Amino acid sequence: MANSNGGAAPRQASISRTTNETDIQLTFAVDGSGNAQLETDVPFLNHMLDLFTKHGHFDLSVQARGDIEIDDHHTVEDIGICLGQVIREALGDKKGIKRYSSVFIPMDEALAQVVIDVSNRPHFEYRAEYPSDRVGSFDVQLVHEFLWKLALEARITLHVIVHYGQNTHHMIEAVFKALGRALDEATSIDPRVNGVPSTKGVL
């Protein structure tokens, strides 16, 4: 099936991960159509992953159950781990990708920026100050936890900056929309790129 990677094999991967804390099955396709099938115990994360998928034009399927009777931490963290691992696997040798991207997304009064280098050097920088600690029952600290584990397992350099905002929901929503669009751009195929976009010859 032809796709944005020049008709090569589809860039997709799946993972099944079970621990004493969570049980996760996740499938991710880089060259998708924005189709999200999300079944987790964390409704706000479902909402954010839906935005990420739609705006990145990915396909994402997640079935996750966790020990939410304790809190949402393990479920959110482990989904970040799994998503990062399948992104890395799906990208393979990274030949032909653009590698870098920087995206600004407004959400009403909020403005977020996501900068990505698909570098094989995991690093995460996060600059965000939210006016509230929770969105509904969701602990806002878990945004950092999710993004950090995603960057670590995908082995990407990820900088997330929330420049300003007044509504915490809007601010986080802008982050996930920007994340989707930035990852889409960084992983898109540039026909001018011969091999991998690195003077080292490997990413």
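Residues numbered from 1 in each chain as written. Predicted model: local features only at pLDDT ≥ 70, side-chain atom pairs only at ≥ 80, totals over all residues. Heavy atoms only, no water.

A few points about the environment of Leu111
Turning to step 1, where the next piece is worked out: You can see Leu111 is positioned in strand 6 (residues 110-117).
Turning to step 2, where the next piece is worked out: C-alpha separation for the pair Leu111 and Tyr164, spaced 53 residues apart in sequence, amounts to 5.7 Å.
Turning to step 3, where the next piece is worked out: Beyond its immediate chain neighbours, meaning those up to four positions away, Leu111 contacts Phe104, Ile105, Pro106, Ile161, Val162, His163 and Tyr164. (Helix = DSSP H or I, 4+ residues; strand = E, 2+ residues; numbered from the N terminus. Contact = heavy atoms within 4.5 Å.)

Concerning the pairing of strand 10 (residues 157-164)
Turning to step 1, where the next piece is worked out: As paired elements, strand 6 and strand 10 share 7 bridges and run antiparallel to each other. The partner of Leu111 across the bridge, within strand 10, is Tyr164.
Turning to step 2, where the next piece is worked out: Bridging between strand 7 (residues 123-127) and strand 10 involves 5 bridges; their strand directions are parallel. If you follow Arg127 over to strand 10, its bridge partner there is Ile161. (Pairing = 2+ DSSP bridges.)

Some points on helix 4 (residues 168-187)
Turning to step 1, where the next piece is worked out: For helix 4, with 20 residues, the first-to-last C-alpha span of 29 Å sits near the 28 Å given by 1.5 Å per residue.
Turning to step 2, where the next piece is worked out: Within helix 4, 16 of the 20 residues are buried, leaving the element largely enclosed by the surrounding structure.
Turning to step 3, where the next piece is worked out: Sitting at the head of helix 4, Asn167 places a side-chain oxygen 3.0 Å from the backbone nitrogen of His169. (Expected span 1.5 Å × (residues − 1). Buried < 20%, exposed > 50% of the residue type's maximum accessible area, 1.4 Å probe, protein only. Polar contact = N/O pair within 3.5 Å; in protein donor to acceptor, adjacent residues only side chain to side chain.)

Comments concerning the environment of Gly80
Turning to step 1, where the next piece is worked out: Turning to its location among the elements, Gly80 is positioned in helix 2 (residues 73-91).
Turning to step 2, where the next piece is worked out: What makes Gly80 buried here is its relative accessible area of 0%.
Turning to step 3, where the next piece is worked out: With near-sequence residues (within four places) excluded, Gly80 lies in contact with Phe146, Lys149 and Leu150.

What about the packing of aromatic side chains?
Turning to step 1, where the next piece is worked out: Under the counting rule described, the total for this entry stands at 5 aromatic pairs.
Turning to step 2, where the next piece is worked out: On the numbers, 5.0 Å between centres and 50° between planes, the contact of Phe28 with Phe58 is tilted. Here the residue Phe28 occupies a position in strand 2 (residues 22-29), and Phe58 occupies one in the loop between helix 1 (43-56) and strand 4 (59-66), the gap between them amounting to 30 residues. Grouping residues by exposure puts Phe28 and Phe58 together as buried.
Turning to step 3, where the next piece is worked out: Since its relative accessible area comes to 0%, Phe58 is described here as buried. (Phe/Tyr/Trp six-rings, centres within 6.5 Å; stacked < 30°, edge-to-face > 60°.)

Details of the nonpolar core
Turning to step 1, where the next piece is worked out: Counting residues in each nonpolar core, the largest one holds 65 residues, and the members touching the most others are Leu26, Phe28, Leu83, Leu147 and Leu158.
Turning to step 2, where the next piece is worked out: The element contributing the most residues to this core is helix 4, with 10 residues.
Turning to step 3, where the next piece is worked out: For Leu83, the residues in contact, after removing those within four places along its chain, are Leu26, Phe28, Leu49, Phe52, Leu60, Phe146 and Leu150. (Core = buried A, V, L, I, M, F, W, Y, C linked by side-chain atoms within 4.5 Å.)

So yeah, pure geometry; function would need other evidence.
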